[in-house]
Amino acid sequence: MWHNLGSDQELFRDTTARFLEQHVGLAHQRKVLRHDPAGFDPGWWKSGAELGWTMCLVPEAAGGGSVSGRGPTDAALIAYEFGRHAAPGPFVDCNITAAALGRAGGHEAALAALLGGEAVAGHCLGAAPWRRDPAIEIRRDGSDFIISGEVRPVESAGQARWLLVTGASAGGMTQLLVPADAPGIAIRPLKGMDVTRRFFAVGFSGVRLPAAALVGGFARADEAVSRQIAEAAVLLCAEAVGAMDAAFAMTLDYAFQRYTFGRALASYQALKHRFADLKSWLEASHAVSDAAADALADDSPLAIETASAAKAYVGDKGPELAQDCVQLHGGIGVTYEHDLHFFLRRVTVNRLLYGTPAEHRRLIAAIRLREEKAA
Amino acid sequence: MIAPDIGVEEFRAAARAWIKANLGPIQPWDIDQECADDAEELVAVARDRALQRRIHDGGFAGICFPREYGGLGLSPAHQRAFNEELVGHEFPSRFAVPTFSPCAAVLLEYGSPEQKARHIPAILKGDEVWVQMLSEPGGGSDVAGATTSAVRAGDCGDDDWIINGSKVWTSRAWWADWGLCLARTNWNLPKHQGLTVFLLKLQQPGVEIHRIERLTGETEACQEFMTDVRIPDSLRMGEVDGGWTIGTRWMFHERMGSNSPYVTRPVGLSGAAAEGPGPLAIARRAGRLDDPAALELVGEARALDIVTHALRKRMIDAATSGAGNSDGSAIDRLFVGMAHVRQKTIAFELAGSEAAAWDEDEAAQVGTPGMDFLMRQVSCIGGGTTEISRNVIAERVLGMPREPSGDRNIPFRDVPRGPARG
């Protein structure tokens, strides 16, 4: 994370850090939240949202706002703390849905409930720039819309009051805000890797929605979806960097504590060089994750590409770093009792959401080809 | 004339206007500094000297150098703004590294007022190109193990020095002007305590310069043989036997390389075609633009460029905010070395079998990814190996225990320099 934050930003970040430590410490997650069907307590989420967790990406005119005026940067600071604490809660999808609604306009009640933490949303990303065959199709029927298909994994769909559904239509992507209890929706729980994050398969069998469900324009959402994916990439990367920091710090500490053949692990050059490599990945992950948030905050022409670069790089190095931390710990590193797995899970799941490294690399290549043609 | 209190954005605007009006588009040899032969290299050198002079006369040389030595006395942020505006334009690449950093940076920190007054303005005007005389045939990474010797002449009552020995891997010494030379002045003290730094004119009797041919056939690296080179004491930098105090900062400035606030060279992500054929051109030539595996490699190479750029900015922010220590530059050095290795491998992979052999037209179109692959490890060797960077990161950034060594606290003359015989 940034070396040059304002004091407002530090206060914002530190308040969340304290709140997470207090309420969702790893001991509590390990024993209690592990068995919670939602993975988090809705009352806790509401109190957290009141600290500003879901506001940063929403324009002020729509009821949002951020402490520094640089929304993506401030949201990334909170995401970083979520990662460092391996915190539960549908942080990314609630932010992305709120941002989508705030920019598109309409849906005031839903947006207010997301901002206040009274309700949560899940994002059914049934079409994406890297997908040739969309999982979800949205077509018009008179003034209504019909959704069909199945998408997975969708985080917190079982807890969500609304689903932001992204699907393919003739001529482009469409986004709808859909009540999770609309007829024709089947939400099926899946088993997943994270201790506290719940994932679902969401099926739409000809789900009919009125025109008012539209977010943005019909078959005109490509640009909005790209922006949302970039924002999600920024948050997922910032989370991953927080988790990488935590995993690296506990592993470095272990290297000093653990003695073998009469010496600390930290004294072996073979291991020192491994730690140096991990440190370089960690710093590079911080750097590109911050750069991606800054590029969005600055509305840079490179914003989408930088977010994809971050998702590709951090998505790749996050799990590699965490796995090497496991290796450096030895057998204790894969026990449930140890804290390390919380961070391994976080970086691994984050690698897969909103586009894998391979998918983002193809996006970058597509951007390069487009730029070349334009030049 | 740039005001001493000019803001960064105002400076950027002035720089942009001047660059656009005075510097042409970037040339192929600006980036890789590779010329077809010596004649072309000498043309490029003359043109780099003239370019540096043009920047000087335009009032933009030495942005972070003090005004009393002909610089502008501005901040690293100003230099970075200039470097960002320079993207896509020609620039005097042969001055960037090692002349401005580490050489001029070290001169600025440790040179006497007379040495600074004589050399820094000359560098800024394009009159002096410097090299670093560090590595020796007996040791590259173990810089403080230098065995090039400097002894007092001792005759006629003067305090001249006589230098004997050899330095190696000195880029472009065959036409360069001056070198910073690390030499041993006391063999009875432990390794780090008997060194002294000298300013050495390269083109003078007693300095014989050989060219080293690399596996590609290019010969920019040199080896110098110094035989009884007599120089006045005024060319000594810092204290006698105090050379390693300078050496540690010298290493720091070397690791900073192109990131140094003293270096003028373009930084940015324009992706301009002028920067040479990239992975996309290679994939196109190989007919692989509709191959998802190839596109993933193209995207990965570009992502590494973006991460490299972001990491440089982070390192500068850390330095200016006081968050990082100076050894943090080893992190950047390691990352960039490994990123280049990966990028060369990607280009090689994209090219397919055509990387094995090529004609001149193809080389102009897509470069020589096969030959670049053979030279791949250079990015992890030159400027201090990545192994040394890993030691620095582990020991000085992460605070892990130091490696045991066989040369501490014993007189340097007793340090083993080869296997025991007999």
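Some thoughts on the interface of chain B and chain A
With 41 residues of chain B at the interface, the matching set in chain A holds 36 residues. Between chain B and chain A, the buried area comes to about 3,400 Å², and carbon and sulfur atoms account for 68% of it. It is Arg314, Leu398 and Met400 of chain B in chain B that bury the most area against chain A; as a group they hold 19% of the surface buried on that side. Here chain B and chain A share eight salt bridges between them. When the shortest N-O distance is used, the salt bridge between Glu305 of chain A and Arg302 of chain B registers 2.6 Å. At the junction of chain B with chain A, the criterion picks out eleven residue pairs in polar contact (both at pLDDT 80 or more). Looking at the side of chain B that touches chain A, the elements that each hand over two or more residues are α8 (279-285), α9 (292-321), α10 (329-351) and α13 (386-397) of chain B. Of the residues forming the side of chain B that touches chain A, the biggest block, 18 residues, is contributed by α9 of chain B. The residue makeup of the side of chain B that touches chain A, split by class, is 24 nonpolar, six polar and eleven charged.

Concerning the domain arrangement of chain B
Residues and elements named next belong to chain B. Domains assigned within chain B are domain 1 (8-96 + 106-128), domain 2 (132-246) and domain 3 (277-397). The C-alpha-based centres of domain 1 and domain 2 are spaced at 26 Å. Facing the 16 residues of domain 1 at the interface are 16 residues of domain 2. With both chains or domains summed, domain 1 and domain 2 bury close to 1,400 Å², and 61% of this area falls on carbon and sulfur atoms. At the boundary of domain 1 with domain 2, the tally comes to two salt bridges. Here Arg211 makes a salt bridge to Asp38, at a shortest N to O gap of 2.8 Å. At the boundary of domain 1 with domain 2, the tally comes to six residue pairs in polar contact (both at pLDDT 80 or more). Put simply, the parts of the chain that give the side of domain 1 that touches domain 2 at least two residues each are α3 (38-57), α5 (93-110) and α6 (113-124).

A word on α10 of chain B
Residue and element names in this part refer to chain B. Relative to the 33 Å expected for 23 residues at 1.5 Å per residue, α10 spans 33 Å between its end C-alpha atoms, a close match to the ideal helical length. The buried count for α10 comes to 17 of 23 residues, which makes it a mostly enclosed element. Looking one or two residues beyond α10, the residue adopting positive phi is Gly352, at roughly 65°.

Looking at the domain arrangement of chain A
Residue and element names in this part refer to chain A. Here the domain parsing of chain A yields domain 1 (7-116), domain 2 (121-215) and domain 3 (222-374). In this structure, domain 1 and domain 3 have C-alpha centres spaced 21 Å apart. Domain 1 puts 27 residues into the contact, and the matching count from domain 3 is 28 residues. Counting the surface lost from both domain 1 and domain 3, the interface buries some 2,200 Å², and carbon and sulfur atoms represent 62% of this. Three residues, Arg30, Tyr80 and Ile96, lead the burial of domain 1 against domain 3; their summed loss comes to 26% of the area buried on that side. At the boundary of domain 1 and domain 3, one finds four salt bridges. Remark: the boundary between domain 1 and domain 3 carries twelve residue pairs in polar contact (both at pLDDT 80 or more). Contributing elements (two or more residues each) for the side of domain 1 that touches domain 3: α2 (26-31), α4 (71-84) and α5 (91-104). The greatest single-element share of the side of domain 1 that touches domain 3, amounting to nine residues, is contributed by α4.

Rules behind the numbers
- Residues numbered from 1 in each chain as written.
- Chains lettered and ligands numbered in written order.
- Predicted model: local features only at pLDDT ≥ 70, side-chain atom pairs only at ≥ 80, totals over all residues.
- Heavy atoms only, no water.
- Contact = heavy atoms within 4.5 Å.
- Buried area = accessible area lost by both parts, 1.4 Å probe.
- Salt bridge = Lys/Arg side-chain N within 4 Å of Asp/Glu carboxyl O.
- Polar contact = N/O pair within 3.5 Å; in protein donor to acceptor, adjacent residues only side chain to side chain.
- Helix = DSSP H or I, 4+ residues; strand = E, 2+ residues; numbered from the N terminus.
- Nonpolar A, V, L, I, M, F, W, Y, C, P; charged D, E, K, R; others polar.
- Domains from an automatic or database assignment.
- Expected span 1.5 Å × (residues − 1).
- Buried < 20%, exposed > 50% of the residue type's maximum accessible area, 1.4 Å probe, protein only.

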